[in-house]
Amino acid sequence: MPRVLLIEDDAAVRDGVTLALRRRGHEVAAAASGEEGLAVLPGFRPDIVLLDLMLPGKDGFQVCRLIRAERQLPIIMLTARGDDLDVVLGLEAGADDYIVKPARGEVLEARIRAVLRRTALPADGAPAAEPGPAPVETYGELAIDRAGLVVGKGGQDLALAPSEMKLLLFLSATPGQVFSRQQLLEHVWEHSYHGDARLVDACVMRLRTKIEDIPRSPRYVQTVRGFGYRFGPL
(Lines give C-alpha, C1' and ligand atoms only; values in the text may rest on other atoms or scores of the structure.)
Protein backbone atom coordinates (compact mmCIF):
# COMPACT_ATOMS: atom_id res chain seq x y z
CA MET A 1 0.00 0.00 0.00
CA PRO A 2 1.22 3.55 -0.70
CA ARG A 3 3.07 5.30 2.12
CA VAL A 4 1.40 8.61 2.97
CA LEU A 5 2.93 11.68 4.59
CA LEU A 6 0.18 13.80 6.13
CA ILE A 7 1.04 17.41 7.02
CA GLU A 8 -1.89 18.90 8.94
CA ASP A 9 -1.90 21.18 11.99
CA ASP A 10 -5.48 20.48 13.14
CA ALA A 11 -5.14 17.57 15.58
CA ALA A 12 -8.69 16.31 15.05
CA VAL A 13 -8.31 16.25 11.25
CA ARG A 14 -4.83 14.77 11.52
CA ASP A 15 -5.99 11.94 13.78
CA GLY A 16 -9.11 11.27 11.67
CA VAL A 17 -7.26 11.08 8.37
CA THR A 18 -4.46 9.00 9.86
CA LEU A 19 -6.94 6.50 11.32
CA ALA A 20 -8.95 6.29 8.08
CA LEU A 21 -5.86 5.60 5.98
CA ARG A 22 -4.31 3.12 8.40
CA ARG A 23 -7.57 1.17 8.46
CA ARG A 24 -7.15 0.84 4.69
CA GLY A 25 -3.64 -0.53 5.06
CA HIS A 26 -1.55 2.58 4.47
CA GLU A 27 1.58 3.38 6.43
CA VAL A 28 1.12 6.98 7.54
CA ALA A 29 3.53 9.53 8.99
CA ALA A 30 1.73 12.57 10.41
CA ALA A 31 3.30 15.99 10.95
CA ALA A 32 1.74 19.01 12.66
CA SER A 33 3.71 21.69 10.79
CA GLY A 34 5.44 22.29 7.51
CA GLU A 35 8.84 22.24 9.15
CA GLU A 36 8.11 18.91 10.80
CA GLY A 37 6.81 17.45 7.56
CA LEU A 38 9.90 18.50 5.63
CA ALA A 39 12.11 16.98 8.33
CA VAL A 40 10.21 13.66 8.25
CA LEU A 41 10.07 13.39 4.46
CA PRO A 42 13.64 12.17 3.64
CA GLY A 43 13.60 9.32 6.16
CA PHE A 44 9.99 8.23 5.66
CA ARG A 45 10.17 8.33 1.83
CA PRO A 46 6.44 8.60 1.17
CA ASP A 47 4.72 7.71 -2.08
CA ILE A 48 2.38 10.69 -1.77
CA VAL A 49 1.92 13.78 0.40
CA LEU A 50 -1.36 15.09 1.81
CA LEU A 51 -0.71 18.74 2.57
CA ASP A 52 -2.86 21.23 4.45
CA LEU A 53 -2.64 24.76 3.07
CA MET A 54 -3.15 26.73 6.28
CA LEU A 55 -0.14 25.68 8.37
CA PRO A 56 1.69 27.58 11.12
CA GLY A 57 5.21 28.74 10.22
CA LYS A 58 5.87 27.60 6.66
CA ASP A 59 2.43 27.45 5.07
CA GLY A 60 1.29 24.79 2.61
CA PHE A 61 2.21 26.86 -0.43
CA GLN A 62 5.81 27.23 0.75
CA VAL A 63 6.05 23.56 1.69
CA CYS A 64 4.70 22.53 -1.71
CA ARG A 65 7.27 24.65 -3.53
CA LEU A 66 10.11 23.31 -1.36
CA ILE A 67 9.10 19.70 -2.02
CA ARG A 68 8.75 20.38 -5.75
CA ALA A 69 12.23 21.96 -5.86
CA GLU A 70 13.80 18.61 -4.92
CA ARG A 71 11.28 15.85 -5.52
CA GLN A 72 8.49 15.05 -7.94
CA LEU A 73 6.27 13.37 -5.36
CA PRO A 74 2.53 13.49 -5.93
CA ILE A 75 0.96 16.14 -3.68
CA ILE A 76 -2.71 16.46 -2.78
CA MET A 77 -3.77 19.65 -1.02
CA LEU A 78 -6.21 19.57 1.87
CA THR A 79 -8.28 22.73 1.99
CA ALA A 80 -11.26 23.85 4.03
CA ARG A 81 -12.61 25.84 1.10
CA GLY A 82 -13.13 24.52 -2.40
CA ASP A 83 -13.99 27.65 -4.33
CA ASP A 84 -11.46 30.31 -3.41
CA LEU A 85 -8.08 31.69 -4.39
CA ASP A 86 -6.25 29.25 -2.11
CA VAL A 87 -7.01 26.35 -4.44
CA VAL A 88 -5.64 28.21 -7.45
CA LEU A 89 -2.50 29.27 -5.60
CA GLY A 90 -1.95 25.74 -4.33
CA LEU A 91 -2.24 24.29 -7.80
CA GLU A 92 0.12 26.92 -9.17
CA ALA A 93 2.60 26.02 -6.41
CA GLY A 94 2.74 22.49 -7.79
CA ALA A 95 -0.03 20.41 -6.21
CA ASP A 96 -1.49 17.62 -8.34
CA ASP A 97 -5.00 17.67 -6.90
CA TYR A 98 -7.00 18.91 -3.94
CA ILE A 99 -9.57 17.61 -1.47
CA VAL A 100 -12.00 19.78 0.47
CA LYS A 101 -12.13 19.00 4.19
CA PRO A 102 -13.77 17.17 5.81
CA ALA A 103 -13.42 14.19 3.48
CA ARG A 104 -14.56 10.62 4.03
CA GLY A 105 -11.99 7.83 4.08
CA GLU A 106 -13.22 6.36 0.80
CA VAL A 107 -12.83 9.75 -0.89
CA LEU A 108 -9.25 10.08 0.35
CA GLU A 109 -8.47 6.54 -0.78
CA ALA A 110 -9.97 7.01 -4.23
CA ARG A 111 -8.16 10.30 -4.82
CA ILE A 112 -4.83 8.92 -3.63
CA ARG A 113 -5.12 5.93 -5.96
CA ALA A 114 -6.15 8.12 -8.90
CA VAL A 115 -3.16 10.43 -8.45
CA LEU A 116 -0.72 7.54 -8.09
CA ARG A 117 -2.06 5.76 -11.18
CA ARG A 118 -1.00 8.66 -13.39
CA THR A 119 2.65 7.67 -13.51
CA ALA A 120 2.43 4.13 -12.10
CA LEU A 121 4.93 1.55 -13.29
CA PRO A 122 4.68 -2.25 -12.97
CA ALA A 123 5.41 -3.78 -9.57
CA ASP A 124 9.10 -4.35 -10.35
CA GLY A 125 9.56 -0.64 -11.03
CA ALA A 126 10.40 -1.11 -14.70
CA PRO A 127 8.41 -0.11 -17.76
CA ALA A 128 6.26 -2.83 -19.28
CA ALA A 129 8.08 -5.13 -21.67
CA GLU A 130 7.71 -4.45 -25.38
CA PRO A 131 8.78 -6.38 -28.49
CA GLY A 132 11.61 -3.91 -29.05
CA PRO A 133 12.94 -0.65 -27.68
CA ALA A 134 10.34 2.08 -28.04
CA PRO A 135 11.64 5.03 -30.03
CA VAL A 136 12.03 8.39 -28.36
CA GLU A 137 9.56 10.80 -29.92
CA THR A 138 11.00 14.14 -31.00
CA TYR A 139 9.03 17.34 -31.44
CA GLY A 140 11.29 20.29 -32.14
CA GLU A 141 13.67 20.42 -29.16
CA LEU A 142 11.36 18.26 -27.04
CA ALA A 143 12.12 14.54 -26.65
CA ILE A 144 9.56 12.20 -25.06
CA ASP A 145 10.52 8.71 -23.90
CA ARG A 146 7.18 7.09 -23.05
CA ALA A 147 8.62 3.81 -21.83
CA GLY A 148 11.12 5.45 -19.50
CA LEU A 149 8.82 8.32 -18.50
CA VAL A 150 11.54 10.81 -19.36
CA VAL A 151 11.06 14.14 -21.09
CA GLY A 152 13.99 16.21 -22.26
CA LYS A 153 14.55 19.50 -24.01
CA GLY A 154 17.73 20.49 -25.76
CA GLY A 155 19.46 17.40 -24.37
CA GLN A 156 18.53 18.15 -20.75
CA ASP A 157 16.04 16.05 -18.78
CA LEU A 158 13.09 18.00 -17.38
CA ALA A 159 11.72 17.51 -13.86
CA LEU A 160 7.99 17.13 -14.42
CA ALA A 161 5.49 16.59 -11.63
CA PRO A 162 3.21 13.53 -12.04
CA SER A 163 0.26 15.50 -13.38
CA GLU A 164 2.47 17.44 -15.77
CA MET A 165 3.99 14.23 -17.11
CA LYS A 166 0.62 12.50 -17.57
CA LEU A 167 -0.88 15.57 -19.25
CA LEU A 168 2.02 15.87 -21.70
CA LEU A 169 1.98 12.15 -22.50
CA PHE A 170 -1.76 12.20 -23.10
CA LEU A 171 -1.80 15.29 -25.33
CA SER A 172 1.28 14.31 -27.33
CA ALA A 173 -0.14 10.85 -28.09
CA THR A 174 -2.48 12.48 -30.63
CA PRO A 175 -0.83 15.68 -31.89
CA GLY A 176 -3.26 18.27 -33.18
CA GLN A 177 -6.33 16.76 -31.51
CA VAL A 178 -8.23 19.18 -29.29
CA PHE A 179 -9.41 18.03 -25.87
CA SER A 180 -11.83 19.92 -23.66
CA ARG A 181 -10.95 20.56 -20.03
CA GLN A 182 -13.59 18.04 -18.97
CA GLN A 183 -12.08 15.37 -21.23
CA LEU A 184 -8.66 16.03 -19.73
CA LEU A 185 -10.10 15.83 -16.21
CA GLU A 186 -11.56 12.44 -17.03
CA HIS A 187 -8.48 11.01 -18.76
CA VAL A 188 -5.62 12.60 -16.81
CA TRP A 189 -7.10 13.30 -13.38
CA GLU A 190 -9.65 10.47 -13.55
CA HIS A 191 -12.44 12.74 -12.36
CA SER A 192 -15.52 11.21 -13.98
CA TYR A 193 -17.78 13.89 -12.53
CA HIS A 194 -17.91 17.52 -13.66
CA GLY A 195 -14.56 18.39 -12.14
CA ASP A 196 -12.70 21.59 -11.50
CA ALA A 197 -11.17 23.05 -14.68
CA ARG A 198 -8.63 24.90 -12.52
CA LEU A 199 -6.74 21.60 -12.15
CA VAL A 200 -6.19 21.56 -15.91
CA ASP A 201 -5.39 25.24 -16.36
CA ALA A 202 -2.88 25.33 -13.50
CA CYS A 203 -1.15 22.18 -14.74
CA VAL A 204 -0.93 23.58 -18.28
CA MET A 205 0.59 26.77 -16.92
CA ARG A 206 3.23 24.88 -14.91
CA LEU A 207 4.01 22.56 -17.82
CA ARG A 208 4.49 25.47 -20.20
CA THR A 209 7.05 27.10 -17.89
CA LYS A 210 9.14 23.93 -18.24
CA ILE A 211 8.79 22.92 -21.89
CA GLU A 212 8.12 26.15 -23.79
CA ASP A 213 10.70 28.73 -24.84
CA ILE A 214 8.10 31.46 -24.36
CA PRO A 215 5.27 30.18 -22.11
CA ARG A 216 2.92 32.95 -23.27
CA SER A 217 3.47 31.93 -26.90
CA PRO A 218 3.45 28.13 -26.63
CA ARG A 219 4.51 25.82 -29.46
CA TYR A 220 3.78 22.51 -27.76
CA VAL A 221 0.72 22.81 -25.50
CA GLN A 222 -1.58 25.23 -27.28
CA THR A 223 -4.90 26.75 -26.27
CA VAL A 224 -7.84 26.50 -28.64
CA ARG A 225 -10.11 29.24 -27.37
CA GLY A 226 -13.58 28.09 -26.48
CA PHE A 227 -12.63 24.41 -26.81
CA GLY A 228 -9.58 23.40 -24.76
CA TYR A 229 -5.98 22.33 -25.41
CA ARG A 230 -3.98 20.41 -28.01
CA PHE A 231 -0.38 19.37 -28.58
CA GLY A 232 1.02 21.30 -31.54
CA PRO A 233 1.03 21.56 -34.45
CA LEU A 234 4.57 22.89 -34.13
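Note that this is a predicted model, so its numbers are computed, not measured.

The rules behind each value
- Residues numbered from 1 in each chain as written.
- Predicted model: local features only at pLDDT ≥ 70, side-chain atom pairs only at ≥ 80, totals over all residues.
- Heavy atoms only, no water.
- Pairing = 2+ DSSP bridges.
- Helix = DSSP H or I, 4+ residues; strand = E, 2+ residues; numbered from the N terminus.
- Axes fitted to C-alpha atoms, helices over the stretch in contact; angles between N-to-C directions.
- Core = buried A, V, L, I, M, F, W, Y, C linked by side-chain atoms within 4.5 Å.
- Buried < 20%, exposed > 50% of the residue type's maximum accessible area, 1.4 Å probe, protein only.
- Contact = heavy atoms within 4.5 Å.
- Phe/Tyr/Trp six-rings, centres within 6.5 Å; stacked < 30°, edge-to-face > 60°.

Colleague: Honestly, the pairing of strand β11 (residues 228-231) in this entry has me stumped. Any pointers?
Modeller: For a regular strand, side-chain orientation follows a simple rule: the groups alternate between the two sheet faces. With 4 bridges connecting them, strand β10 (residues 221-224) and β11 associate as antiparallel partners. Considered in β11, the bridge of Q222 is made with R230. Remark: 3 residues form the turn of the hairpin made by β10 and β11, two consecutive strands paired antiparallel; G226 in that turn has positive phi of roughly 85°.

Colleague: Could you clarify how one ought to interpret the sheet that holds strand β5 (residues 97-100) in this entry?
Modeller: Two orientations exist for strands paired in a sheet by backbone hydrogen bonds: parallel and antiparallel. Read across the open sheet, the 5 strands follow the order β2-β1-β3-β4-β5; overall the sheet is parallel. The strands lining the two open edges of the sheet, one partner per strand, are β2 (27-31) and β5. Each neighbouring strand pair of the sheet contributes to a mean axis angle of 20°, computed without reference to strand direction. Of the pairings in the sheet, the one linking strand β1 (residues 3-7) to strand β3 (residues 48-52) comprises 4 bridges and is parallel in character. In the sheet register, V4 faces β3, and the bridge partner there is I48.

Colleague: Would you take a moment to explain the nonpolar core for this structure?
Modeller: In a soluble, globular protein the nonpolar side chains are often hidden away together inside. With 48 residues, the main nonpolar core has L167 and L168 as its most contacted residues. With 7 residues, helix α8 (residues 197-211) is the largest single contributor of residues to this core. Once you skip the residues sitting within four places of it in the chain, L167 turns out to touch L184, V188, W189, C203, V204 and L207.

Colleague: Please explain unusual backbone geometry as it appears in this structure.
Modeller: With glycine set apart, most residues show a phi of negative sign, and most peptide bonds adopt trans. The linkage connecting K101 with the following residue, P102, adopts the cis geometry, with an omega of -5°. With respect to the helices and strands, the residue P102 is situated in the loop between β5 and α5 (105-117). You will see that R45, though not glycine, has its phi angle at about 55°, which is positive. Positionally, R45 belongs in the loop between α2 (34-44) and β3. In this structure R45 comes out as exposed when scored by relative accessible area, which is 64%. A positive phi is found at L149, a non-glycine position, where the angle reads about 55°. If you trace the backbone, L149 turns up in the loop between β7 (142-145) and β8 (150-153).

Colleague: Sorry if this is basic, but what is going on with the packing of aromatic side chains here?
Modeller: Both the distance between ring centres and the angle between the ring planes are used here to describe each pair of aromatic rings. Under the counting rule described, the total for this entry stands at 3 aromatic pairs. Their ring planes at 80° and their centres at 4.9 Å tell us that Y139 and F231 sit as a pair that is edge-to-face. Of this pair, Y139 sits in strand β6 (residues 137-139) while F231 is found in strand β11, placing the two residues 92 residues apart along the sequence. Among the residues examined, Y139 registers a relative accessible area of 17% and is labelled buried. For F231, a relative accessible area of 1% translates into the label buried.

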